[in-house]
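A closer look at the structure
What follows is each chain in one-letter form.
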Amino acid sequence: MKNHLAGTKIDAFVCTMVDEATKELFKKLLRDFEENKSKAMDDECFEVESDGNGNGTVKSVFNKGKQKTLNQALKDREPVTRALCRVIYGEALPFNLVKSPLWKEALRLVGEYGKGLKLPSYHEARVTYLKKEMENKGLSQIFFVNSPSGTVFVKSIDTSSFAKDANKLFEMLNSIVEEIGEENVVQVVTDSASAYVLVGSKLEQERPRLYWSPCSAHLIDLILQDIGGGKTFKDTLDKAQKVTVYIYRHCVLLSMFRRFTGGQELTRAGVTRFATSFLTLKRFKELKHPI
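Residues numbered from 1 in each chain as written. Predicted model: local features only at pLDDT ≥ 70, side-chain atom pairs only at ≥ 80, totals over all residues. Heavy atoms only, no water.

All right, on to the overall build of the protein then. Looking only at helices and strands, the protein features 11 helices and six strands. Counting the 291 residues in the protein, one finds 21% classified as buried. When the accessible surface of the protein is totalled, it reaches about 21,900 Å², and 57% of it is carbon and sulfur. (Helix = DSSP H or I, 4+ residues; strand = E, 2+ residues; numbered from the N terminus. Buried < 20%, exposed > 50% of the residue type's maximum accessible area, 1.4 Å probe, protein only. Areas by Shrake-Rupley, 256 points an atom, 1.4 Å probe, with all protein chains shown as cover.)

To describe two helices that pack against each other, one gives the angle between their axes and the distance between the axes. Following both chains from N to C, one finds helix H9 (residues 231-249) and helix H10 (residues 251-260) inclined at 105°, their axes separated by 5 Å at the closest point. In terms of orientation, H9 and H10 fall into the roughly perpendicular class. In this structure, H9 contributes Tyr-246, Ile-247, Tyr-248 and Arg-249 to the contact, and H10 contributes Cys-251, Leu-253, Leu-254, Phe-257 and Arg-258. Taken together, the residues of the contact of H9 with H10 sort by class into seven nonpolar, no polar and two charged. (Axes fitted to C-alpha atoms, helices over the stretch in contact; angles between N-to-C directions. Parallel < 35°, antiparallel > 145°, perpendicular 65-115°, else oblique. Contact = heavy atoms within 4.5 Å. Nonpolar A, V, L, I, M, F, W, Y, C, P; charged D, E, K, R; others polar.)

Moving on, we get to the pattern of salt bridges. The final tally for this structure, using the stated rule, is eight salt bridges. Its salt-bridge partner being Glu-178, residue Arg-207 comes within 2.7 Å of it at the nearest N-O pair. Of this pair, Arg-207 sits in the loop between helix H7 (194-206) and strand S6 (211-214) while Glu-178 is found in helix H6 (residues 166-180), placing the two residues 29 residues apart along the sequence. Classification of Arg-207 as buried rests on a relative accessible area of 7%. For Glu-178, a relative accessible area of 53% corresponds to the exposed category. Measuring nitrogen to oxygen at the nearest pair gives 3.2 Å for the salt bridge that ties Lys-234 to Asp-238. Of this pair, Lys-234 and Asp-238 are both found in helix H9, four residues apart, which corresponds to roughly one turn of the helix. (Salt bridge = Lys/Arg side-chain N within 4 Å of Asp/Glu carboxyl O.)

Moving on to the nonpolar core. Counting residues in each nonpolar core, the largest one holds 17 residues, and the members touching the most others are Leu-169, Met-172, Leu-173, Val-188, Val-199, Leu-203 and Leu-210. Every element with two or more residues in this core is listed here: H6 and H7. Here this core gets seven residues from one element, more than from any other, and that element is H6. Leaving out residues up to four positions away in the same chain, Leu-173 has contacts with Phe-143, Val-188, Thr-190, Val-199 and Leu-203. Listed in part, the 13 residues of the second largest apolar core include Ile-247, Phe-257, Phe-284 and Leu-287. (Core = buried A, V, L, I, M, F, W, Y, C linked by side-chain atoms within 4.5 Å.)

Within this structure, the stated rule accounts for two aromatic pairs. Seen in terms of ring centroids, Tyr-89 and Phe-95 are 6.3 Å apart; in terms of plane orientation they differ by 70°. Their pairing is edge-to-face. Considered together, Tyr-89 and Phe-95 belong to a single accessibility category, that of exposed residues. (Phe/Tyr/Trp six-rings, centres within 6.5 Å; stacked < 30°, edge-to-face > 60°.)

The next point concerns the confidence of the model for the protein. Scored by pLDDT, the protein comes out at a mean of 77, with 72% of its residues at no less than 70. Per-residue pLDDT, averaged within each element of the protein, yields its smallest value for strand S2 (residues 56-62) (45) and its largest for strand S5 (residues 187-190) (90). Confidence drops under pLDDT 50 across residues 40-50; counting only partners more than four residues distant or on other chains, this segment forms 28 contacts. Of the regions scoring below 50 in pLDDT, residues 54-65 engages in 28 contacts with residues more than four places distant in sequence or in other chains. (pLDDT = per-residue confidence, 0-100.)

Attention now goes to the environment of Leu-198. Locating Leu-198 in the fold gives a position in helix H7. Residues Leu-198 and Phe-170 lie 28 residues apart in sequence; the distance between their C-alpha atoms is 8.5 Å.

Our focus in this paragraph is the pairing of S5. Here S5 shows one buried face, formed by Val-188 and Thr-190, and one open face, formed by Gln-187 and Val-189. Two strands pair when backbone bridges link them, and S5 and S6 are joined in this way by four bridges, in the parallel orientation. Within S6, the position partnered with Thr-190 by the bridge is Pro-214. Each parallel crossover has a hand, and for S5 linked through H7 to S6 it is right-handed. (Pairing = 2+ DSSP bridges. Right-handed = clockwise from strand over helix to strand, strands pointing away.)

Below is the structure:
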């Protein structure tokens, strides 16, 4: 909002309704805020080395203001480390995760970013950045086994060299069935890409006891994608997205929205990207009057 009124063009449109005096006032407020933030960062800069058992020493301190004692530094660290450990416990992650270079690099980047980091959304984690990782590391197929006892990860195979080769994909899938045991397999589910349609047909011929079917979620997502691509729906979805982004980017509006809707949210996460879009449209209809 300050950038909007100051006319800085940073993350906001320039307000045409304010006079020059008001613009200068908000520009000064923004400058003061940045100066105070930089000063605060300069005043408190220290490193703490810990042996992991609650004991530690201050390695170096660059402090122009009041220095923190070792106990204070460790006390400030504890809520953060406990929160990280709680993620490990709550999601049943392996303890070796804390030794992973990826874990350390991620936390280092978070620390360097500082306050205000927007966490990855469900869609970004599931689609956006997964695609980027796959592009960097090649295409992989991940295999799971589902049974009344639950779902178990089997293995991941790099298929970047034969992603569209139906014969090689069949050999790969057939070997997985062989590994698990044909007597234990009832159904094989893949996406509905043309290569896998051929693979499924060949697998059913090779092993009459099991049958293949395309992933229902993938099919529904493709249907919704086609529907959403039509002019009428596309325009509506684009407008809904703009309104949603505008509300969630402005704290005052978001607070008003939640007050008038009884704390409800405008977005609803679905299993797939396009399902989320249509669920959000449904929520617009439900909250039409409060909005």
